[in-house]
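# Fold and geometry: a report
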Amino acid sequence: MSIVATPIGNLGDITLRALETLRQADVIACEDTRHARHLLDHHGIRAQLLALHEHNEQAAAEKLLGLLAAGKRVALISDAGTPGVSDPGARAVAAVRAAGHAVTPLPGPNAAVAALSAAGLDAPAFLFVGFLPAKVGARRTVIEGLKPIAATLAFYEAPHRIAETVADLADLLEPEREIVVARELTKLFEQIVRLPLPAAPAWLAADDNHRRGEFVLLVSAPPPRVGIDAESERVLKLLLAELPVKQAARLASEITGAAKNELYRKALEIRAATAGGG
Ligand code: SAM
């Protein structure tokens, strides 16, 4: 089975390999058959369609297994972007793999990666969160849990919740962080703005258009921590019992995320105190 990424807006964003695979497919599993028809008609593709969405994924997967067993060529697409990324697909893929059939990804558009590529946020890592919970309590708990993670955070959001979600991000995360609001990517009204996080709620409120369309939100990594918290000091002490100062400081920094130079200074202090104490 081929897992085929499709456009997130601009119908031209489809790879040559994706088109060839979809043309050769006997059956294309898709989230919404009308939506898929729009894309496929645009490219003159007339395969049989099979609906596979979050409410029937297991049953649809059974049908796919039957088709694959009968030697049919099957492709899986979602409404937009990469199947299985905040979209159905994972359960069908698991069932197909478990039955011993090959699963081949055909990479292509993905809204989070498109936003990252144009954001200019310089961070070694990013964490794809996708959609936050719709309920306010659960959403705020998840954001609190994400706060210490040393990575750019990537969220998806719908227009009817964008204001609440951005307000919670601005309320709970450090004011030094920046946000990139990437709206309507690859479409007519594409807009990508980078703002200090505390300024984002006012930017959204300033113009109704700022809250329209589909959104990726990227939040820059947390500011480097200054000083050493109790947990980092505990880790440092354990490592210092076994390792030289420099190595202990480096490893403690990797484990805890605390600044290496601060840990190094602290390690020298601890060593001096230990040496002084005999
Ligand atoms: N599978 C898709 C992918 O690979 O990006 C994501 C599907 S998810 C159901 C839809 C969400 O992705 C939207 O609510 C929005 O947050 C984001 N998204 C999809 N297309 C987008 C676009 N053109 N511009 C900005 N965000 C988009």
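Scroll up to find the structure this text is about.
Report follows, based on the coordinates. (Residues numbered from 1 in each chain as written. Predicted model: local features only at pLDDT ≥ 70, side-chain atom pairs only at ≥ 80, totals over all residues. Heavy atoms only, no water.)

Turning to the overall build of the protein chain, a few remarks are in order. In terms of regular secondary structure, the protein chain is built from eleven helices and ten strands. For the protein chain, whose C-alpha radius of gyration is 24 Å, the value lies well above the compact-globule estimate of 19 Å for 278 residues. Seen through its principal axes, the protein chain has C-alpha atoms that stretch 80 × 50 × 35 Å. The 278 residues of the protein chain split such that 41% are buried. A separation threshold of at least 6 residues defines the contact pool for the protein chain, and within that pool the share at least 24 residues apart is 68%. (Helix = DSSP H or I, 4+ residues; strand = E, 2+ residues; numbered from the N terminus. Rg over C-alpha atoms; globule rule 2.2 N^0.38 Å. Buried < 20%, exposed > 50% of the residue type's maximum accessible area, 1.4 Å probe, protein only. Contact = heavy atoms within 4.5 Å.)

This part takes up the site of the ligand. Of all residues adjacent to the ligand, which total 19 residues, the nearest are Thr82, Asp87, Ala111, Tyr156 and Phe215. Separating a nitrogen atom of the ligand from a backbone N or O atom of alanine 80 is a distance of 3.0 Å. Between the ligand and phenylalanine 215 there is a distance of 2.6 Å, counted from an oxygen atom to a backbone nitrogen or oxygen. Relative to its unbound accessible surface of 570 Å², the ligand loses 91% to contact with the protein. At the level of secondary structure, the elements contributing two or more residues to the shell around the ligand comprise β7 (152-157) and β10 (215-219). For the shell around the ligand, the residue count by class is ten nonpolar, four polar and five charged. Residues from two domains meet in the shell around the ligand; each of domain 1 (2-106) and domain 2 (111-219) gives at least three. (Near = heavy atom within 4 Å. Polar contact = N/O pair within 3.5 Å; in protein donor to acceptor, adjacent residues only side chain to side chain. Areas by Shrake-Rupley, 256 points an atom, 1.4 Å probe, with all protein chains shown as cover. Nonpolar A, V, L, I, M, F, W, Y, C, P; charged D, E, K, R; others polar. Domains from an automatic or database assignment.)

Glancing now at the pattern of salt bridges. The full count for this structure, using the stated rule, is 19 salt bridges. Note that arginine 140 is salt-bridged to aspartate 168, the shortest N-O span being 2.8 Å. You can see arginine 140 sitting in helix α6 (residues 136-146) and its partner aspartate 168 sitting in helix α7 (residues 162-172), a full 28 residues away along the chain. Put simply, lysine 187 and glutamate 214 hold a salt bridge, and the shortest N to O gap is 2.9 Å. Here lysine 187, found in the loop between β8 (178-183) and β9 (191-196), pairs with glutamate 214, found in the loop between α8 (200-205) and β10; they are 27 residues apart in sequence, far enough to count as distant. The exposure class assigned to glutamate 214 is partly exposed, which follows from its relative accessible area of 48%. (Salt bridge = Lys/Arg side-chain N within 4 Å of Asp/Glu carboxyl O.)

Turning our eyes to something else, we now look at the packing of α6 against α7. α7 packs onto α6 with a crossing angle of 40° between their chain directions and a minimal axis gap of 10 Å. The angle between α6 and α7 falls in the class oblique. Crossing geometry of α6 relative to α7 is assigned as right-handed. For the pair formed by α6 and α7, the contact residues are Val136, Arg139, Arg140, Ile143 and Glu144 on the first element and Glu164, Thr165, Asp168, Leu169, Asp171 and Leu172 on the second. Here the residues of the contact of α6 with α7 sort into four nonpolar, one polar and six charged. (Axes fitted to C-alpha atoms, helices over the stretch in contact; angles between N-to-C directions. Parallel < 35°, antiparallel > 145°, perpendicular 65-115°, else oblique. Left-handed = near helix turned anticlockwise from the far one by under 90°.)

This next bit is on the packing of aromatic side chains. Following the criterion strictly, the structure yields two aromatic pairs and no others. Between phenylalanine 128 and tyrosine 156, the ring centres sit 5.1 Å apart and the planes meet at 75°, which makes this aromatic pair edge-to-face. Taken together, the residues span a long stretch of sequence, with phenylalanine 128 in strand β6 (residues 126-131) and tyrosine 156 in strand β7 at a distance of 28 residues. Aromatic side chains phenylalanine 131 and tyrosine 156 sit 5.8 Å apart centroid to centroid with 70° between the ring planes, which places their arrangement in the edge-to-face category. Of the two residues, phenylalanine 131 sits in strand β6 while tyrosine 156 sits in strand β7, which places them 25 residues apart along the sequence. Using a relative accessible area of 47% as the deciding quantity, one classes phenylalanine 131 as partly exposed. (Phe/Tyr/Trp six-rings, centres within 6.5 Å; stacked < 30°, edge-to-face > 60°.)

Turning to unusual backbone geometry, a few remarks are in order. A positive phi angle is found at glutamate 184, which is not glycine, with a value near 55°. Summarising the element assignment, glutamate 184 is placed in the loop between β8 and β9. Unusually for a residue other than glycine, threonine 186 sits at a positive phi of about 70°. Within the secondary structure layout, threonine 186 lies in the loop between β8 and β9. Under the relative-accessibility criterion, threonine 186 is labelled partly exposed at 25%.

A separate point is helix α9 (residues 230-240). Residues that lie three or four places apart on an α-helix share one face, since the helix turns once every 3.6 residues. Of all the positions in α9, only Ser232, Val235, Leu236, Leu239 and Leu240 are classed as buried. Taken end-on, α9 shows its buried residues confined to a sector of 135°, consistent with a single buried face. Facing away from the buried surface of α9 by more than 90 degrees, the exposed residues are Ala230 and Leu238. One side-chain oxygen at the N-terminal end of α9 lies 3.2 Å from the backbone nitrogen of glutamate 231; it belongs to aspartate 229. (Arc of directions from axis to C-beta.)

Quick look at the nonpolar core now. Residues Phe155, Leu169, Ile179, Leu217 and Val219 are the most contacted members of the largest nonpolar core, which totals 21 residues. Listed by contribution, the elements that provide at least two residues to this core are α6, β7, α7, β8, β9, α8 and β10. The biggest single contributor to this core is α7, with four residues. Once residues within four sequence positions are removed from consideration, isoleucine 179 is found in contact with Val166, Leu169, Val193, Arg194, Leu195, Pro196, Leu197, Ala200, Leu217, Leu218 and Val219. (Core = buried A, V, L, I, M, F, W, Y, C linked by side-chain atoms within 4.5 Å.)

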